[in-house]
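Notes for the structure review
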Amino acid sequence: MRLKSDDLGIWESVGRYKWIIAVGMAAAFSASLDGYQISLNGGIVSNKGFIRQFASPGTKIIKGQYVSAWGGIQSAGQAIGQVFLQFATDALGRKPALLILWVFLVASVLAESFATHWDHWLVAKLFSGAGVGMLQSTMPVYLSEIAPTQLKGFLINAYTFWFVIGQLCGSIALNRLNASDPYDFRTAIYTQWAMIGAMLVIFVLLPESPWWLAGKGNLHGAEKVLSRYNGHIEGYSVQEHIDVMTATIEEERHLAQRNSEEGMWAIFRGRNLIRFLIAAWPKITQQLVGLTVFNTYATYFFQYAGNNNPFLVTVILSCVQILSMIITATVTDRLGRRPLTVYPYGVTSLSLLSLGIVGCFDYKQKDTSSLLVLFACLATFSTTGASAIGYAYAAEIPQQRLRAQTAAWALAFSNLIAIMFNFCTPLMINGTTKWGVKTGFFFAGTGSVAVLIAWLLLPEVARRTPAEIDEMFEKRVNFRKFKHYVTDVQGHVGV
């Protein structure tokens, strides 16, 4: 259940699978709206017009309670969307699920466009969170199922690449508005409609996942998709790929029946529970190393820290994210998932510790303020790539028959933690505790524990087929020995 073509080099595969790469990049482009909305949610709270509209009269900064509520409800929406869309993703298909989430994103932008009170914005963030969460749990799964084995990491990381491009666009839009008309915040909201339109066109044109079609017994549909995008490739056998898919799925069903791992809660039984924890942990670690400090509420954080241009800082951080994603996307299938997840998160924990130390001094002075930006850039660079690979773990680790459910629950579990931090982080920074920059100490501690667990828990699955991953979990191979383990599947290449 591994084909000879699975052993081709990465660059050779890029040249061979040009059409399916184009499809994957177009699908991943939809994440730009995801990133734009996240950036807008975090940065617009410092816009003077937004503050005048939504803050209490006579105040120059929005109450931490309001910011916490918006962030918390968005994360809650993400978790809700991820949990419930999985049923449509499995029953109706990956493509219908994408169209469903598009409707939620339309509702969120519509609510934002007409919001005039803080609780109106709260409703908008609920719809936004649901749509974004649905996209986060569906798109990586879709990309992993259409991508060749050697390029799964590249295409899944393309999702995060477009996400950070969207974040940069959001930061630039708010920065330009702040320079030209500090009290205009509606224009930034209206620009989302262009992305909504482009997303609909892409979703309508995308093919259904051949793996989903094969799992539902629609072999003719799977053959049609594979023939359309890969049938022109010399030496490519559509039937061999269909045989691998059906054999993998049938073996998983056999094991599920034998091990009593069937039913709605199968992902929490037996080895599937371990696979769920592994699929979830990279994104959980992302929250524990302080994502809310230097990403979600970066503008709010630097505004409190006394930076004269917090919008510009977020633009710089977005550029750092793009650089990180270019590097991560190009090396993740060569170097592997594990080292590009564990070690960068370790760097992030050290960066947050450094932020906390700077917070012990007068961080509003020019020199120390520059140090804040430096450590925030370092944390952003290291976490962005590791976070992107978290989607690869969520999509690759589960069994094929449980891929959508496991990815959804894994990301939802991460967002449950995000709900807590989205409520708490603004209060840590500017609440009754007024930790300010010293908030870095808290996340340095939680992040260190999370990184240690990641080092013990995360296996290497780069360039492995679903059948190989199934075999290693079934044989209970030590997680840190996955990389060099020779599977039975490798001994029957082409079967």
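Further up the page is the structure itself.
Summary of the structure given here. (Residues numbered from 1 in each chain as written. Predicted model: local features only at pLDDT ≥ 70, side-chain atom pairs only at ≥ 80, totals over all residues. Heavy atoms only, no water.)

Right, let's get into the environment of F114. Along the chain, F114 falls in helix α6 (residues 94-114). The spatial distance from the C-alpha of F114 to the C-alpha of R186 is 9.1 Å, given a sequence separation of 72 residues. (Helix = DSSP H or I, 4+ residues; strand = E, 2+ residues; numbered from the N terminus.)

Where nonpolar side chains cluster on the molecular surface, the patch consists of I80, F84, F87, L126, M264 and W265 and spans about 620 Å² of accessible area. Residue contributions to the nonpolar patch peak at three residues, all from helix α5 (residues 64-91). Looking at the element boundaries, W265 is found in the loop between α13 (238-258) and α14 (271-288). (Patch = residues over 30% accessible without salt bridge, like charges linked within 9 Å, V, L, I, M, F, W, Y side chains within 5 Å. Areas by Shrake-Rupley, 256 points an atom, 1.4 Å probe, with all protein chains shown as cover. Salt bridge = Lys/Arg side-chain N within 4 Å of Asp/Glu carboxyl O.)

Here we take up helix α20 (residues 403-430). Taking 1.5 Å per residue, 28 residues should reach 40 Å; α20 reaches 40 Å between its end C-alpha atoms and fits that length. Of all the bends in α20, the largest measures some 30 degrees and sits at C424, one to four residues before the proline P426. For α20, a buried count of 21 out of 28 residues is recorded, marking the element as mostly surrounded by other parts of the structure. (Expected span 1.5 Å × (residues − 1). Bend = angle between axes of the 7 residues up to and from the residue. Buried < 20%, exposed > 50% of the residue type's maximum accessible area, 1.4 Å probe, protein only.)

Turning our attention to the pattern of salt bridges. Counting across every chain of the model gives 12 salt bridges. Here E145 ties to R94 by a salt bridge, and the two come within 2.7 Å at their closest N and O atoms. On the criterion of sequence distance, the pair formed by E145 in helix α7 (residues 118-146) and R94 in helix α6 is long-range, its members being 51 residues apart. Exposure remark for R94: the relative accessible area of 2% places this residue in the buried category. It is possible to trace a salt-bridge network through shared partners that takes in D90, R94, E145 and R403.

Considered for burial, the residues of helix α2 (residues 18-28) that qualify are I20, I21, V23, G24, A27 and A28. Projected down its long axis, α2 shows its buried positions confined to an angular sector of 160 degrees, all on one face. When the buried face of α2 is taken as reference, the exposed residues oriented beyond 90 degrees from it are K18 and W19. (Arc of directions from axis to C-beta.)

It is worth spelling out the packing of aromatic side chains at this point. How two aromatic rings sit relative to each other is given by the distance of their centres and the angle of their planes. One pass over the full model with this rule turns up 26 aromatic pairs. Note on F50 and F185: the rings are 5.5 Å apart at their centroids and 85 degrees apart in plane angle, and the pair reads as edge-to-face. One end of the pair, F50, is in helix α4 (residues 48-54); the other, F185, is in the loop between α8 (152-180) and α9 (186-190), with 135 residues separating them in the sequence. We classify F185 as buried; its relative accessible area is 4%. Residues F421 and F443 carry aromatic rings whose centres are separated by 5.0 Å and whose planes lie at 65 degrees to one another, so their mutual orientation is edge-to-face. Placement of the pair is F421 in helix α20 and F443 in helix α21 (residues 439-457), with a sequence separation of 22 residues. Each residue in the set F50, F54, Y66, W70, W118, W121 and F185 is aromatic and connected to the rest through ring pairs, giving one cluster. Directly above the ring of Y391 sits K283, whose terminal nitrogen or CZ lies 3.8 Å from the centroid. (Phe/Tyr/Trp six-rings, centres within 6.5 Å; stacked < 30°, edge-to-face > 60°. Lys NZ or Arg CZ within 6 Å of the ring centre and 35° of its normal.)

Structurally, D6 is set in the segment before α1 (10-16). We classify D6 as buried; its relative accessible area is 9%. Spatially, the C-alpha atom of D6 lies 8.1 Å from that of T465, the residues being 459 residues apart in sequence. When sequence neighbours within four positions are dropped, the list of residues in contact with D6 reads T149, Q150, R463 and T465. (Contact = heavy atoms within 4.5 Å.)

All quantities given are derived from atomic positions and should not be read as evidence of function.
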